[in-house]
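Chains, contacts and geometry: an overview
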Amino acid sequence: MESKITLRGAMSALITPFYQGKIDFNTYEKLLLRQIRYGMDACVPVGTTGESATLNHKEHMECIEVAVNVCKGSNTKVLAGAGSNSTQEAIELAQFAQKCGADAILCVSPYYNKPSQEGLYQHYKAVADSVQIPLMLYNVPGRTGVSIQTDTAIRLFENVPNIFAIKEAAGSMERVIELATNAPKMEVFSGDDAINYPILANGGKGVISVTGNLLPKEIAKLTHLALNGDMKQSQEINNKLYAINKVLFCESNPIPIKAAMYISGLIPSLEYRLPLLAPSKENMIKIEQVLQDYEVLP
């Protein structure tokens, strides 16, 4: 089978900034331009870090459209979030992403429903078959309640032409190695900032980073060094980012990353959609303390 590579490198799972309950598109555009400026290969709007589960469909589609328009003409591509616990809704989002010019889609496994492996296979096949652009599977069992088993991921990769990769956020290096061993042509992307370097060192082709919202230059450099074979420097950056990677998951994502961006002046308002709330006072202090060790560029 020929390689299906369409995207690789450093990507950020973008937050969705709010102001007085609505999406702050002015700030959103600035955040996108910042990603482009500091060398990110792709932006990932309205993934789970973008609070997609609490956006309505109009808002979700607007975020994709804005990302495509801002990134147009740059070297930064758009991997649009197009997942849902409803297959039909995921299809509608995927088709919209294709229509407005997204380069590919990231499709989180259906949450809450807990489908069987056959159900996952049929879900992903239906979404991928509804579009022509590439689709990346997204495995994050800690958030969805179901894991895309290795056999299912490989079956999808081998049987569905436009499924090219998987974002692995199960926190398991064994899982990454299992995929690399049994499906060496399937692209694996890190979905856990703490193990970005180990995944890249074991054949991963990129990262989809939460920390990249805050420190895109560092995440881009870490990834590009590893992909170019400079593993020593890549590991050094990964080690330097350990403290910030850890504190950004002191509460459910994206609570800490939004707080860090607010403290750093990247977003003017610290707002979430219920049921998410701002961090506890104790965790806010932790985030502030860790941030003192990093230079957050404007």
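For the structure, see preceding data.
By convention here, each chain's residues receive numbers from 1 onward along its written sequence. Only residues with pLDDT of at least 70 are given local features in this predicted model, and only at 80 or more are side-chain atom pairs given and counted; all residues enter the totals for whole chains, interfaces and linings. Computation of side-chain values: all heavy atoms of the structure, hydrogens and water removed.

As for the overall build of the protein chain
By definition, any uninterrupted DSSP run of H or I lasting at least four residues is a helix, any uninterrupted run of E lasting at least two residues is a strand, and each is numbered from the N terminus. On a plain count of helices and strands, the protein chain comes out with 13 helices and ten strands. The C-alpha atoms of the protein chain give a radius of gyration of 18 Å, which matches the 19 Å a tight globule of 298 residues would have. Principal axes of the C-alpha set define a box for the protein chain whose edges measure 50 × 45 × 40 Å. Burial status across the protein chain gives 55% buried among its 298 residues. For the protein chain, contacts bridging at least 24 residues in sequence account for 70% of all contacts bridging at least 6. Carbon together with sulfur atoms contributes 50% to the accessible area of the protein chain, which is approximately 12,700 Å² in total. Taken as two groups, the 27 positive and 30 negative side-chain charges of the protein chain have centres that lie 2 Å from each other. Each radius of gyration reported is based on C-alpha atoms, and the globular scaling rule is 2.2 Å times the count of residues to the power 0.38. Think of it in three bands: with a 1.4 Å probe and only protein chains considered, a residue is buried below 20% of the maximum accessible area for its type, exposed above 50%, and partly exposed in between. Residue contacts are defined here by distance: any two heavy atoms, one from each residue, within 4.5 Å place the two residues in contact. Working definition of accessibility: Shrake-Rupley area with a 1.4 Å probe, residue cover restricted to the visible protein chains. His is not counted, nor are the chain ends; Lys and Arg add positive charge and Asp and Glu add negative charge. Lysine's charge is taken at NZ, arginine's at CZ, aspartate's at CG and glutamate's at CD.

Some details on the packing of aromatic side chains
Aromatic rings from Phe, Tyr and Trp, with only the six-membered ring used for Trp, were paired whenever their centres fell within 6.5 Å, and each pair was classed as stacked if the ring planes differed by under 30 degrees, edge-to-face if by over 60, and tilted otherwise. A complete count under the given rule lists one aromatic pair for this structure. Ring centres of Phe 25 and Tyr 28 lie 6.3 Å apart, and the angle between their planes is 80 degrees; this geometry places the pair in the edge-to-face category. Placement of both Phe 25 and Tyr 28 in helix α1 (residues 25-37) is noted, with a separation of three residues, approximately one turn of the helix. Assessed through its relative accessible area of 23%, Phe 25 is described here as partly exposed. Owing to a relative accessible area of 1%, Tyr 28 belongs among the buried residues under this scheme. Definition used: whenever NZ (Lys) or CZ (Arg) falls within 6 Å of the ring centre and also within 35 degrees of the ring normal, the charge is taken to sit over that ring. Positioned over the ring face of Tyr 121 is Arg 155, at 3.5 Å from the centre of the ring.

Digging into the sheet that holds strand β9 (residues 187-190)
Any two strands with at least two DSSP bridges between them are considered paired. Judged by pairing direction, the barrel is parallel, and its eight strands sit side by side in the order β1-β4-β5-β6-β7-β8-β9-β10 before closing back on the first. In this sheet, adjacent strand axes meet at a mean angle of 25 degrees when their direction is disregarded. In this structure, strand β4 (residues 42-44) lies alongside strand β5 (residues 77-81), joined through two bridges in parallel fashion. Looking across to β5, one finds that Ala 42 is bridged to Lys 77. Working convention: axes come from line fits to C-alpha atoms, limited for helices to the stretch in contact. Angles between N-to-C directions cover 0 to 180 degrees.

A short note on the pairing of strand β1 (residues 9-13)
Burial analysis of β1 places five of its five residues in the buried class, the great majority of the element. Of the pairings in the sheet, the one linking β1 to strand β10 (residues 206-209) comprises four bridges and is parallel in character. Within the sheet, the bridge partner assigned to Met 11 lies in β10 and is Ile 208. Note: β1 against β4, three bridges, orientation parallel.

So, the environment of Ala 102
You can see Ala 102 is positioned in the loop between α3 (87-100) and β6 (104-108). As a C-alpha pair, Ala 102 and Ala 80 span 22 residues in sequence and 6.3 Å in three-dimensional space. Non-local contacts of Ala 102, meaning those with residues more than four positions away in its chain, are made with Val 68, Val 78, Ala 80, Ala 97 and Ile 133.

By themselves, these figures tell us nothing about what the structure is for.
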